[in-house]
Amino acid sequence: MKLELGKIMIKDVQFGEETKVEKGTLYVNKEKIKEMVLEDKRLIKADVELARPGESVRIAPVKDVIEPRVKVEGNGQVFPGIINKVKTVGEGRTHALVGSNVVTCGKIVGFQEGLIDMSGPTAKYTPFSKTNNVCVVIEGREDLETHEYEEAGRLAGLKVAAYIGEAGKKVEPDEIVTYETKPLLEQVAEYPDLPKVGYVHMLQSQGLLHDTYYYGVDAKVMVPTFMYPTEMMDGAIVSGNCVAPCDKVTTFHHFNNPVIEDLYERHGKDINFIGVVLTNENVWLMDKERSSDMTAKLCRHLGLDGVIITEEGYGNPDTDLMMNCQKVAQEDIDVVLITDEFPGRDGKSQSVADTVPEADALVSCGNGNVIEYFPPMDKVIGTLDYIETMIGGYEGSLKEDGSIEAEIQIIIASTIANGYNTLAAKGY
Amino acid sequence: MSKIKVVHYINNFFANIGGEEKADVPPEIREGKIGPGLALESSLGEEYEIVATAICGDSYFGENIEEAKETLMGMIEKYDPDLFVAGPAFNAGRYGTACGTMAKEVEEKLNIPVITGMYSENPGVDLFKQDIHIIETSISAAGMRKAMKKIADLGDKMVKEEEILSPQEEGYFERGIRVNYFNDVRGSKRAVDMLIKKMKKEEYNTEYPMPVFDRVDPMPAIKDLSKIKVALVTSGGVVPQGNPDKIESSSATKYGIYDISNLESMKKDDFMTIHGGYDRAFVTENPNLVVPLDVMREYEEEGVIGELADYFVTTTGTGTSVGNAKGFGEEFSKKLVEDGVGAVLLTST
C-alpha cells in the first residue's frame, strides 16, 4: 500500500465567504460551518472562532482536534465507516492542511476534556498552540444524554474537518511525502537483511466515554488485528474518547502518528517496518488476557524481531501495556515501551500502576502531575466553568482574574504517551 | 551585613571527643565550628558562618533515636539557622543514619535547606536519599575536602534558591524524584533509536527503571463474618451532594468520612460521584453501584455480617499517587481499628 501525502502548509486562518486555501491562508465560511453542525438536531447552538499561534487565547474544554484532510486519488474518503462509506483507505493520494486544525469545544461532556493556551508559559506543552485553529463551539440540547452529546460533538468535528479538507483538494501541495508498505511476504523480501519491526498500537477502549473507532468499529468489540500504517493517515482510526486530556490521542495524532513516521524514517536503512498491530485496552481481565495473547501471537506470526508499544491513558491501561510487553518479549521479540508518568505532585511515587521485569526499555513522555501557573488570557473560547473539576484541576484552581493553577495533565496532549512531544521526565 | 547562618552536625569522632569508646556521648551543641566545619566554612565562603556545631555519639543516637532527635532539634532551633549540614558520614553506617535522620527532621521542622554526604554503600543512602540531598563521597575521610566543596556548592544553591541540576551534575544520589524537562528529540524517535540499539545488543538506557511496589499480602480469610463489623471504603469518588470536603476528581490529596448510620441505601439526591476516571452516568443515578449500602443493609438484616460501620470512607483513585493513597490508608485504618471494624469492603472503579 502506497500513499502520497501532499502537505499544504497553512500559515494563517481567516473568515471568508468561501472556504478555500490561498497562498498559505485558510479561509473558512463561518455560517456554512454553523449550518453544518446544526444539521444534527441534538446540537442547539454552534459558533466558530479562530485561534492563532501567539494570541492571548485559551480554549476549553477541548474535545477533539482534527487536521483537515481530503482524498485526492485512491479508494474511499477520510473517516471511512464514520462519516463516509466504509472502504479500505491508505492508498493513492491525500492532501492535508498542515498547520491548521479543527478544535471542538464547549460545555463539558465528562471530566476528561482539556485546555489549549495559544500563548504564555503553558503553550509549550501542547502541539496545538502552534497551529491555526478553527474552533467549533457546540452546545447540546439540555435533555441530551452524555453519550449522545459526546457522539454529536465527535461527528460535528469530523464533518467540519472533512469539509475544510475539501478546500485542499485542488491546491498544489508544498511538499509530497510518499509512504509505502508492501504486502507481508513482499515487504519481508524487500529488505531481507534488516530486522523486522512492528508497531503495537493500543487503542483506548475502556468504554463509558473512553472509546476509539477503527473503520467505525468500536475498538472494545474488536480483537487485535494487523493494518497498513498508511490506513491511519486517511482517518481509519478516529478518537471518540474523553480520556485524561494530557493523554488524549486526538484524531490529529491518529493522522500524524509519530511512531509510524519515525519508523518509516529508518525503513530500509536500519529496519524493515512491517506494519501495525492494532489492539485495545478493555477493562475486563478476560479481555486484557485475550487481547495481549493475540497481540503476542500476531507479532510472532508476522516474524517480528522488535516492536514499539504505545498506550493511551494511564492507570488501568498500564496493565495492558505491561501484559503486552511481557507476552511479546516472551516470544523472543525486543520491546520498547513509550509511556508518560504519574508519580504524584512531589514526583516521589511510582510513575506507572503496573510493572513487569521485561519492561527494561522505556521512553518517558513526562510527569503529568506537575503543577503549572496559567496566566489570564484576553479571550476564552468555550468556557472556564469546569476547570476545577476537570482532570488536573482542583478546588481553587481557577482564580478570579481568570488565571489557573493546575496539573499539566489538564492540557490537551501534554504528556501524550506516543512520543509526539519532546517533554520527558528524569530522575533527580 | 549579617552572615548566612549554618548549623553543622557531627559525631563524637569528628568532634575529637573520641572513637568507639566515646560513641555513647549524649547530644550537646557548641558555638562556632569544629573539625570538618573548617573545611565546610572555607568552602562556603565569606557570606556564611557556622554559628554552632551539634554533636552526638553514634551509639547514643542509634539507641535513643527519638530522644536524641528531640534534644538536638531543641538545641539547633535556638540558632535559627539558614542552612543545616550533617556530616559527611563517608562509610560510617550509624553516623550516616544519624546524619540522615537529623537532616530530614530539620527540614521538616524548620523548613530550611539541609544537606549531607555519604559513601554509596552507607546504609543511610537508601534510607534517606528520597527525602534529602546526599552528596556522594569517597569511602573515607581522606575525601573530606572534595566532599565539602560539593556540599558547600549545592548548599549555597539551595539557600539562594537557584536551580538544582541533575544528580550527575551536582554529585548527589538520585532521589527518585521524577522531574520534567524538554528533550532535544521527541519521544517516538528516542524509542526507535532505543529499539535499534536493543536489537543490535548495544547498550541503551531506559528512561524509567521499573519501580518497586510494596505489595500487601492479603489477610487470612474471615472465619465467621456474622460477628464482624464491616466498613465500606471506596476509591470511586462517591461523596455527599456538593462534595463538602472538595475532594479532587483526580490526583486526590484528601479523603472523606461520611455518616450513613440512618440510611438504608445511597440515594441519588444525597450522594454524587466526583471521580474523573469513569463515566459517571450510572453511578449518578444509583450511587449504590459504588458504595453498596443497600446490599450491605440486607446482609446486616439477614445476619450475614455482624453489623455495618456508621460511616463510609471515600476518595478518588484516578491519578492519585501511591504516596497519597498509602498516607490515607495509614491514617483512616487507625480509626477503623479504634471503632472495632474487623473487615473492610473495598470498592474501586
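Position numbers for residues start from 1 in each chain and track the written sequence from start to end. Key to labels: chains lettered from A, ligands numbered from 1, both in the order written. The model is predicted, so local features are restricted to residues of pLDDT at least 70 and side-chain atom pairs to those at 80 or more, both for listing and for counting; the totals for chains, interfaces and linings are taken over all residues.

*Asks:* Kindly report on the overall build of chain B, identifying the contributing residues and their values.
*Replies:* For the purposes of this entry, the term helix denotes a DSSP run of H or I that reaches at least four residues, the term strand denotes a run of E that reaches at least two, and both are numbered from the N terminus. On a plain count of helices and strands, chain B comes out with 11 helices and 13 strands. Taking 20 Å as the expected radius of gyration for a compact globule of 349 residues, we find that chain B reaches 27 Å, considerably beyond that expectation. Overall, the C-alpha framework of chain B stretches about 75 × 55 × 45 Å when taken along its three principal axes. We call a residue exposed when 12 or fewer other C-beta atoms sit within 10 Å of its C-beta, buried when the count reaches 20 or more, and partly exposed for counts in between; the C-beta positions come from the backbone. The buried share of chain B, taken over its 349 residues, is 42%. Considering only residue pairs separated by 6 or more positions, chain B has 72% of its internal contacts joining residues 24 or more positions apart. The size measure is the radius of gyration over C-alpha atoms, and the globule rule it meets is 2.2 Å times the number of residues to the 0.38 power. Whether two residues are in contact depends on their C-beta atoms, placed from the backbone: they are in contact if these lie within 7 Å.

*Asks:* Can you break down helix α6 (residues 144-159) of chain B residue by residue, with the values?
*Replies:* Residues and elements named next belong to chain B. Here a helix's expected span is defined as the number of its residues, less one, multiplied by 1.5 Å. Here α6 contains 16 residues, and its C-alpha end-to-end distance of 22 Å stays within 8% of the 22 Å for a straight helix at 1.5 Å per residue. Along α6, the positions that sit buried rather than exposed are M144, A147, M148, K150, I151, A152, L154 and G155. Looking at the residues trailing α6, positive phi occurs at E161, about 55 degrees.

*Asks:* Report on the sheet that holds strand β17 (residues 237-239) of chain A, specifying residues and quantitative values.
*Replies:* Residues and elements named next belong to chain A. Whether two strands pair depends on DSSP finding at least two bridges between them. Spatial ordering of the open sheet is given by β15-β14-β17, a layout of 3 strands whose pairing is antiparallel. Each having just a single partner strand, β15 (217-218) and β17 make up the two edges of the open sheet. In this structure, strand β14 (residues 212-214) lies alongside β15, joined through 2 bridges in antiparallel fashion. Bridge pairing in β15 places Y214 opposite V217.

*Asks:* Go over the interface of chain A and chain B, please, and point to the residues and values.
*Replies:* With 61 residues of chain A at the contact, the number on the chain B side is 51 residues. Residue assignment for the side of chain A that touches chain B shows that the elements contributing at least two residues are α6 (258-266), β19 (306-310), β20 (334-341), β21 (362-367) and β25 (423-427) of chain A. Looking at the side of chain A that touches chain B element by element, the count peaks at 6 residues for β21(A). Pairing of β25(A) with strand β7 (residues 178-182) of chain B involves 5 bridges; the strand directions are antiparallel. Within β7(B), the residue paired with G427(A) across the bridge is R178(B).

*Asks:* Describe the sheet that holds strand β13 (residues 196-204) of chain A, with residues and values.
*Replies:* Residues and elements named next belong to chain A. Strand order in the open sheet formed by 6 strands is β16-β18-β13-β19-β20-β21, and the pairing between neighbours is mixed. In the strand order of this sheet, the two ends are held by β16 (225-227) and β21, each with one partner. For this sheet the average axis-to-axis angle between neighbouring strands, irrespective of direction, equals 20 degrees. Pairing geometry for β20 and β21, over 4 bridges, is parallel. Paired with E341 across the two strands is N367, which belongs to β21. Where helix α7 (residues 285-301) meets the sheet, its contacts fall on β13, β16, β18 (272-281) and β19, and the angle it forms with β18 comes to roughly 170 degrees. Angular values range over 0 to 180 degrees, each being the angle between N-to-C directions of two axes fitted as lines to C-alpha atoms, with helices fitted over their stretch in contact.

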